[in-house]
Amino acid sequence: MTCLLLDYNEYSRVQIHSDGTCFSFQRGLRDIAELYGSEVSLRGIQEYRKCSGLQSISSLCFKAAKIAAILIDDGIEFDKMHEIEWHRSFAPVVGRILRIERLAEKILDEGRPDGSTWTLDTFTETFTGKLKSYPCLYFTFLYGFNFPFQIADKIVGLKSIAAYRSGLGINTNVTRNEAQEGLAEVLKVGSPVRITDKSFIDYLFVQSLEIALQFNLPVQIHTGFGDKDLDLRLSNPLHLRTLLEDKRFTKCRLVLLHASYPFSKEASYLACVYPQVYLDFGLAIPKLSVHGMISSVKELLELAPIKKVMFSTDGYAFPETFYLGAKRAREVVFSVLRDACIDGDLSIPEAIEAVKDIFSENAKKFYMTNLDFTPLDSKTNVSTNFVKIGCDALQPDVALVRIIWVDTSGQHRCRVVPRKRFHDIVIKNGVGLTVACMALISAVDAPADGTNLGGVGEIRLIPDLSTKCRIPWSKQEEMVLADMHLKPGEAWEYCPREALRRVSKVLKDEFNLVMNAGFENEFYLLKSVSRELKEEFIPFDSTPYCSTSAFDAASPMLHEVVAALQSLNIPVEQLHAEAGKGQFEIAFGYTTCTDAADNLVFAREVVRAVARKHGLLATFMPKFALDDIGSGSHVHISLWENGRNVFMASSEHSTHGMSKVGEEFMAGVLEHLPSILAFTAPVPNSYDRIQPNTWSGAYQCWGKENREAPLRTACPPGVPDGVVSNFEIKAFDGCANPHLGLASIIAAGIDGLRRHLTLPEPVDTNPASLDSEPQRLPRSLSESVEALEKDGVFRDLIGEKLLVAIKGVRKAEIAFYSQNKDAYKQLIHRY
């Protein structure tokens, strides 16, 4: 939640109210300098600001903060402010908070249209009329700017700064005579109006609460510390008792801001006793010392229900404040909930749930927004990041950190460094790695020809701290995903995670869309046997699809897998035995595509490691036994705009049950599917799986709930009949780099949106049984690479250099396995 950001000229003129020696200033200086890579001094930061400009600074701070949504506070005016639309480049603007005192002052300053003097009746009629019009109408925001402009953001709440003007001892029974006399006192001062008369403020407050009740709007109340004109003695929230016990307002939703500092215990008591009271600890973080922040949040949670406590950055006008607030909030909440787990107040699952509530769910319910709080252009949401950050604080015995990346051939690789070196050096500088790392194939650890990558040149693996987590099966290790940089801060063109972010940004910038994804991952469980003094691997069992006996046999291992995934905050929706011998499937929760890809990497690590612990080998290779069904990594795709699924049609009467946007995107994927296979089915063994009559999708077609089609529209429970919520891509397997696979899907979808493609008629039967079969998808990796070479769409969106490397690796795969017919059997050890 924030006000409008300042123009840079205004931004540089605002004075910092500190002599530079308070804890929060010194700490914030270091944090910002680290973010900017500047000298650790006020002068160094100012020079960076001046060189970069407000747009660049804001983009950097919001991306680092992973802000999910913005609520605009319209009550603060500066000489220069940016319009609403400018803010949308950083995060969705979900609505505005209207300051009731500022609205009243504006009305009084403008005067009556006929020039007559205000009376209480004429003022009340105008004031309440405006309040009533705002919640249900879009409107023009005029004041504070050099020009008017239209916005499409409704009022989602009201705000009072009575604590700053006359205190929180609101007289809910203020008489009309008292209010009229107060209005007269206000008007005596002249323009510009500044309302300070207590009776008139109380009257405004009561009128606003009645409107808030009528339109079911929440009300923010400043309590505790704040601006310099505040009398701290009058801002204790306990002064609100008369208001809270007034029967007219028991159904209001009131949130006390700023942790009510230094009255945090009092605020906690009120939230416990009065059902209409909620708490927000923005501004207390990061303005206090570390001890003060932790102490204040602990005091809030001493009595207050977790479901009534939330966080907002309250970043005011400075981009850095959003970053500092978000960064420190995660650390403080972690510290508080960690101690609660140690003390026995919460279990770890309850603490994880509390994180979600504090950072997203409580605010969504309080402000009644259905926005999917997922930050744009980021890896994961706030609560997920929080759970993964700083786990070593709870487990100080961590010795090693694995830095993981996935290469062009889809293999997981890692460098391991001691924990101290990781924190002292690697976080900032990364670890060196040869550029050949993105030219290796699945069978040979040597760079493939034709990739333009070889033994000369080095990149930096920079850990993405938002993904750092404790390894569930190891008591002394952590793991973290890495981005590939030419040098710290400069992304390498070949980085798969960056490629996915890059195409996701195009989708967002051009169409205001975000792609969400959910994977269904199949794998084989194999056991080792000795035959003629040679080790062989055979299926764990030979039971049928969804067999209960198969689940019983694998239950100890599967229980441990699920527990490990939950500890990593990777949601598991279901798991079952699949149709293949020794085959199982785990379906993961739906989330942003970048988060889904990251989760899939960790999930594969979990399954393989836990299986190994139980004496088994888990493999995600597509076709372990050529006479058995294969394993896929099916992915469900949907499109979201401002927190709403826009893939589905608005009613059941659409042609295919999907929106025009959804059809165009899916039509692009269908048209480019032969090329996409070079990303999602990346080894020759992948095509042993993609065969007719195996539910793998062997023909270039789509169908409604047709599991023989490579693209299947899905209509889960709760969706109206005839309306689809997402589509599934079946031609995606466990050898694929998930970031590159999803990037290729988005690129194809973007082409469909740009060209307004339409879908052919669906195939509602097994396409292999039709007299006129649809076109067959590539039967081999060479055919899909050939299709990719003819397809110009991916060059600009994926990146030409990365595309050259991908094609070079695929051609080397083809050459190797064509000369070594049984070499595919070794894939069980690589995937």
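This is a predicted model, so every value here is computed, not measured.

So what's going on with the packing of helix H13 (residues 290-303) against helix H14 (residues 319-343)? Which residues, and what values?
At a minimum axis distance of 9 Å, the contact between H13 and H14 shows a crossing angle of 55°. Between H13 and H14, the angle is such that the two are oblique. The two elements H13 and H14 meet at a crossing, and its hand is right-handed. Residues Met 293, Ile 294, Val 297, Lys 298 and Leu 301 of H13 lie in contact with H14, whose contacting residues are Arg 328, Val 332, Ser 335, Val 336 and Asp 339. Of the residues that constitute the contact of H13 with H14, the class distribution is six nonpolar, one polar and three charged.

How would you summarise the packing of aromatic side chains if you had to cite specific residues and measurements?
A full pass over the atoms with the stated rule returns 19 aromatic pairs. Between Phe 519 and Phe 732, the ring centres sit 5.4 Å apart and the planes meet at 75°, which makes this aromatic pair edge-to-face. Placement of Phe 519 in strand E19 (residues 514-531) and of Phe 732 in the loop between strand E29 (726-729) and helix H24 (738-755) is noted, with a sequence separation of 213 residues between them. For the pair shown, Phe 519 and Phe 732 are each scored as buried. The interplanar angle of 55° and the centroid separation of 5.6 Å between the aromatic rings of Phe 523 and Phe 620 together place this pair among those described as tilted. Here Phe 523 is found in strand E19, whereas its partner Phe 620 is found in the loop between strand E24 (617-619) and strand E25 (633-641), with 97 residues between them in sequence. Ring pairs connect the aromatic residues Trp 118, Phe 123, Phe 127 and Phe 200, which therefore count as one cluster. Across the ring face of Phe 366, the terminal group of Arg 253 is positioned such that the distance to the ring centre comes to 5.5 Å. Residue placement shows Arg 776 over the ring face of Tyr 699; its charged tip is 5.8 Å from the ring centre.

Residues and numbers for the side chain of Thr 451, please.
Secondary-structure assignment places Thr 451 in the loop between strand E14 (431-434) and strand E15 (458-463). On the basis of relative accessible area, Thr 451 is assigned to the buried category, the value being 0%. Leave out the neighbours within four places in its chain, and Thr 451 touches Ala 439, Tyr 494, Val 804, Ala 805, Gly 808 and Val 809.

Describe the pairing of E19, and please don't skip the residues or the numbers.
For E19 and E25, the ladder comprises eight bridges, and the chain directions are antiparallel. Bridge pairing in E25 links Val 514 to Trp 640. Relative to strand E23 (residues 591-592), E19 runs antiparallel, the two being bridged by two bridges. Looking at E23, one finds that Asn 516 is bridged to Thr 592. Strand direction decides the pairing type here: E19 and strand E22 (residues 583-588), joined by five bridges, are antiparallel. When the sheet's bridge partners are listed, Asn 521 is paired in E22 with Ile 586. Pairing of E19 with E24 involves three bridges; the strand directions are antiparallel. Bridge pairing links Leu 525 to Ala 618 in E24. In the sheet, E19 pairs with strand E20 (residues 534-539) via six bridges, with the strands oriented antiparallel. Across the sheet, Ser 528 pairs through a bridge with Phe 537, a residue of E20. Between E19 and the antiparallel strand that follows it, E20, lie two residues; Glu 532 among them carries a positive phi value of about 55°.

Outline helix H5 (residues 100-110), supporting the account with residue identities and numerical values.
With eight of eleven residues buried, H5 is to be regarded as a mostly interior element. Gly 111 lies just past H5 and shows a positive phi near 75°.

The rules behind each value
Residues numbered from 1 in each chain as written. Predicted model: local features only at pLDDT ≥ 70, side-chain atom pairs only at ≥ 80, totals over all residues. Heavy atoms only, no water. Axes fitted to C-alpha atoms, helices over the stretch in contact; angles between N-to-C directions. Helix = DSSP H or I, 4+ residues; strand = E, 2+ residues; numbered from the N terminus. Parallel < 35°, antiparallel > 145°, perpendicular 65-115°, else oblique. Left-handed = near helix turned anticlockwise from the far one by under 90°. Contact = heavy atoms within 4.5 Å. Nonpolar A, V, L, I, M, F, W, Y, C, P; charged D, E, K, R; others polar. Phe/Tyr/Trp six-rings, centres within 6.5 Å; stacked < 30°, edge-to-face > 60°. Buried < 20%, exposed > 50% of the residue type's maximum accessible area, 1.4 Å probe, protein only. Lys NZ or Arg CZ within 6 Å of the ring centre and 35° of its normal. Pairing = 2+ DSSP bridges.

In short, shape yes, function no, at least from these values alone.
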